Amino acid sequence: MRRRGGAALQAVAPLAAVFFVFAPITARAQSPAPARHPVTVEDFLSLHVVSDPQLSPDGKSVAFTITTPSLEQNKNVGRIWLVGADGANAREATNIQGSEHAPRWSPDGRVLAFLAKGDSNDQVWRMPAPGGTPTRVTAVPTGISDFYWSPDGRALYVVTDLKWPAHQEIDARNDGQPTDARIWTDLFYRHWTDWRAGLRQHVLRVPLAESGDTAGPPVDVTPLDRDVPTLALGGADVAFSPSGDEMAVVYNPDSVVATSTNNDIFVMAPDGSGRHAITTSHANDHSPTFSPDGRTIAYLAMRTPGFEADRQEIVLYDRASGRRRSLTPSWMLSPSTLTWTPDGHALMVEVEERGTNVLYRIDVPSGRRTRLVAGGVNTSLQLAPAGGGMVFLRQSGNRPAELWHAALDGSGAAPLTHVNDSALAALDLPPVEPFGFVGAHGDSVFGWTMKPPGFDRSKRYPLIYLIHGGPQGAWLDEWHARWNYAMFAARGYVIAAVNFHGSTGYGQRFTNSISRHWGGAPYTDLMKGLDVVAALPYVDRNRMGAAGASYGGYMIYWLAGHTDRFKALVAHDGVFNTRSMFGSTEELWFPTHEFGGTPLSPSARALLERWSPSNFIDRWSTPMLIVHSQQDFRVDVSEGYQAFTALELRHVPGKFLYFPDEGHWVVKPRNRRLWWGTVLDWLDTYLAPASATSAAPSVARPR
């Protein structure tokens, strides 16, 4: 159901130039700062989201997106911004009606293209790099989800959906008149929030004239009965050789992709001819990237077919000999992105490590690893040409992402933007703090805590215990867009979040341990972790609640049948009945791996029954809020319906928050406001955070 310690970051004061950036958004007050207050829902939704930095080819400018939730429009509105690589001359570059994202520089750096809806669906727009009036380039009827410049700048390669035979059958039978009906004849007919029946995602080449206008109709360079690039479990899955005479794409060649994680990498000419596979493993191979000299393709590879959370290795494919070798054969962590250094002597990678996201350099061909930037969550790495440094996004549990820059060796790291500084200056945002304990199997287990604003050690506070999804996921030191630690802490709660067995970033053996043991070691870890935080002198163990989504929602249902230590529970998009979830999810490879087979197998049926929370509803007694959405195709809304029925049959206080227009996550601003208000009020009802007390509580024992 997923998608996702080290040296301290060197603290360096930012360059003087950065202090005047974003005047319209972050003008610095001259008067004394007001007293800080806990973050509210309104504060949270007013913060800007910085994303997708793109360095210009000369390394002198950075294009990026600032997205702001709009309650009035009930959508997240993006704008393209530009800032000098030294932090100077920041400005909003676009302001088209609608929303903009995905800025991409032309190879010569003279044009900045991006995606924007305008008055229709997403199309490619362009503008002169120094600034000017944007003009629309494409008019693809089905819209564009992503795009790439050809290395010579003479074409765009756009990713779009095309009608395939099932959809054409509907048109033929209905005389072309529109209908919402769908026909499908195989699995993977829906994905996340999209109905895929009768559609194929393909790459189209759009030729460009000298003027920048299109020079002809788009041409499908991937005319296959497959989604190209892959819809699931991929990464950066379209790449071009430095000379521009070849391109690599990733797709799943299997006939039934709903049961397969077999992505492979194919190399072909820019017109789609000569396509051939360079990987043949039945596991997931993706994210190809050509070395600067074009002789090597590096990519990410898993070894276990059917397992979406296997360890990812960096593999080097030699173009001349066809030989390949792993650059990280013994590293138990999983790199998530690859970027060649300009000299081709190393790869820069992002790696999840012990609740953080770290930037590493890995030398080629030795495989020597050097940790460059650690602490918090560091992503979206971009390298300047000729070793001129790097730009990346950095965030932490009490600070949203901003652009940072550093030298290529990680030194001199400092913020490049201060988009949210003025808003954050008014907020009391405590830091997250790590803790650890001995969990199941005698293994070390780690997690995070956060104290409430205005913390008084002489008082006892109620606890909110957060449980992450995945299940192969992790709580990171990040400003979470949905399960934000500070938002819970602001209501007067101590927050604890444990990275139990199955979590990522602690080695592959630890990650693998949850498969076929959903309610085993993870539950043990959670109870042991709860013992640790409940024993803190400032935690009231009589007022503890738990909340989680996806697998975290599953664990909320499991907790309801196995312990009475919590006074209130919140389950978001959780798995209630493992058997019914198997038959209604869109990604069959996931439950097949997690439970050792399909329900056709007696052993898999036994595990599905053993670990199904639905078999323990006779023990449910804890008040529970259930949140589920109609467009969640990963964990069907019927799971929430069944759980609510169980609450009602047990006469346990329950509440259902239903979103007809959301998927596995809640993203629309008005729905996010409703989500936070409903969840926090539900917890307040049973945990009463305003009445923090110094009275010594009694101990509630697990059943």
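Since this is a predicted model, take the numbers as computed values, not measurements.

Chemist: Looking at this structure, how should I read the overall build of the protein?
Modeler: Looking only at helices and strands, the protein features 13 helices and 38 strands. For the protein, the C-alpha radius of gyration of 25 Å lies close to 27 Å, the compact-globule estimate for 703 residues. Seen along its three principal axes, the alpha-carbon backbone of the protein occupies a region of about 75 × 70 × 55 Å. Counting all 703 residues of the protein, 58% fall into the buried class.

Chemist: Any chance you could explain the sheet that holds strand 21 (residues 313–318) here in plain terms?
Modeler: Strand pairs in the sheet, formed through backbone hydrogen bonds, run parallel or antiparallel to each other. The strand order across the open sheet built from 4 strands is 19-20-21-22, with neighbouring strands paired in antiparallel fashion. In this open sheet, the two strands that pair with only one neighbour each are strand 19 (285–290) and strand 22 (324–326). On average, each strand axis in the sheet is tilted by 25° relative to the strand beside it, whichever way the strands run. The pairing of strand 21 with strand 22 spans 3 bridges and is antiparallel. Note on strand 22: the bridge partner recorded for Leu-316 is Arg-325.

Chemist: Before we go on, may I ask you to explain the pairing of strand 13 (residues 199–207) in this structure?
Modeler: Most of strand 13 sits inside the fold, with 7 of its 9 residues counted as buried. Relative to strand 13, strand 10 (residues 155–163) is paired through 9 bridges, and the arrangement is antiparallel. Looking at strand 13, one finds that Leu-156 is bridged to Val-206. One ladder, built from 2 bridges, connects strand 13 with strand 14 (residues 219–220); its direction is antiparallel. Within the sheet, the bridge partner assigned to Arg-205 lies in strand 14 and is Val-219.

Chemist: I keep staring at the packing of helix 7 (residues 521–534) against helix 8 (residues 551–560) and nothing clicks. Help me out?
Modeler: Each pair of packed helices can be described by the angle between their axes along with the distance between the axes. With their axes 11 Å apart at the nearest point, helix 7 and helix 8 run at an angle of 75° to one another. It follows that helix 7 is roughly perpendicular to helix 8 by the angle criterion. Residue-level contacts link Pro-522, Tyr-523, Leu-526 and Met-527 of helix 7 to Tyr-551, Met-555, Trp-558 and Leu-559 of helix 8. When grouped by side-chain class, the residues that make up the contact of helix 7 with helix 8 number 8 nonpolar, no polar and no charged.

Chemist: I'm lost on the packing of aromatic side chains in this one. Help?
Modeler: Ring pairs (aromatic) are described by centroid distance and by the angle formed between their planes. According to the stated counting rule, one finds 37 aromatic pairs in the structure shown. With centroids separated by 6.0 Å and ring planes inclined at 65°, the aromatic side chains of Trp-475 and Tyr-485 adopt a geometry described as edge-to-face. Residue Trp-475 is found in the loop between strand 33 (461–467) and helix 5 (485–489), and its partner Tyr-485 is found in helix 5; the two are separated by 10 residues along the sequence. Both residues of the pair, Trp-475 and Tyr-485, belong to the buried class. Geometry around Trp-404 places Arg-394 over its ring, the cationic atom sitting 5.2 Å from the centre. Lying across the ring of Phe-455, Lys-451 places its NZ or CZ 5.5 Å from the centre.

Chemist: Looking at this structure, how should I read the pattern of salt bridges?
Modeler: In a structure, side chains of opposite charge can pair up when their charged atoms sit close to one another. Scanning the entire structure with this criterion turns up 27 salt bridges. Arg-491 is the salt-bridge partner of Asp-684, the closest N and O atoms lying 2.5 Å from each other. Separated by 193 residues along the polypeptide, Asp-684 in helix 13 (residues 669–687) and Arg-491 in the loop between helix 5 and strand 34 (494–499) bring together distant segments of the chain. Across the pair Lys-668 and Asp-661 runs a salt bridge whose closest N-O atoms are separated by 3.4 Å. The network of salt bridges with common partners includes Asp-161, Arg-196, Arg-200, Asp-225 and Asp-227.

Chemist: Sorry, what's going on with the pairing of strand 37 (residues 624–629) here?
Modeler: A large share of strand 37 lies buried, amounting to 6 of its 6 residues. Side chains Met-624, Ile-626 and His-628 of strand 37 all project onto a buried face; the interleaved residues Leu-625, Val-627 and Ser-629 project onto the opposite face, where all are buried too. The pairing of strand 36 (residues 568–572) with strand 37 spans 4 bridges and is classified as parallel. Bridge pairing links His-572 to Val-627 in strand 37. Relative to strand 38 (residues 654–659), strand 37 runs parallel, the two sharing 6 bridges. Within the sheet, the bridge partner assigned to Leu-625 lies in strand 38 and is Lys-655.

Chemist: Help me understand helix 11 (residues 602–610), please; the structure alone is not making it clear to me.
Modeler: An α-helical segment advances 3.6 residues per turn. Residues three or four places apart therefore align on the same side. Buried residues of helix 11: Ala-604, Leu-607 and Leu-608, and no others. For helix 11, the angular spread of buried residues about the axis comes to 100°, placing them on one side. Opposite the buried face of helix 11, at more than 90 degrees from it, the exposed residues are Pro-602 and Arg-610. On the buried face of helix 11, the contacting elements are helix 9 (578–584).

Calculation notes
- Residues numbered from 1 in each chain as written.
- Predicted model: local features only at pLDDT ≥ 70, side-chain atom pairs only at ≥ 80, totals over all residues.
- Heavy atoms only, no water.
- Helix = DSSP H or I, 4+ residues; strand = E, 2+ residues; numbered from the N terminus.
- Rg over C-alpha atoms; globule rule 2.2 N^0.38 Å.
- Buried < 20%, exposed > 50% of the residue type's maximum accessible area, 1.4 Å probe, protein only.
- Pairing = 2+ DSSP bridges.
- Axes fitted to C-alpha atoms, helices over the stretch in contact; angles between N-to-C directions.
- Parallel < 35°, antiparallel > 145°, perpendicular 65-115°, else oblique.
- Contact = heavy atoms within 4.5 Å.
- Nonpolar A, V, L, I, M, F, W, Y, C, P; charged D, E, K, R; others polar.
- Phe/Tyr/Trp six-rings, centres within 6.5 Å; stacked < 30°, edge-to-face > 60°.
- Lys NZ or Arg CZ within 6 Å of the ring centre and 35° of its normal.
- Salt bridge = Lys/Arg side-chain N within 4 Å of Asp/Glu carboxyl O.
- Arc of directions from axis to C-beta.

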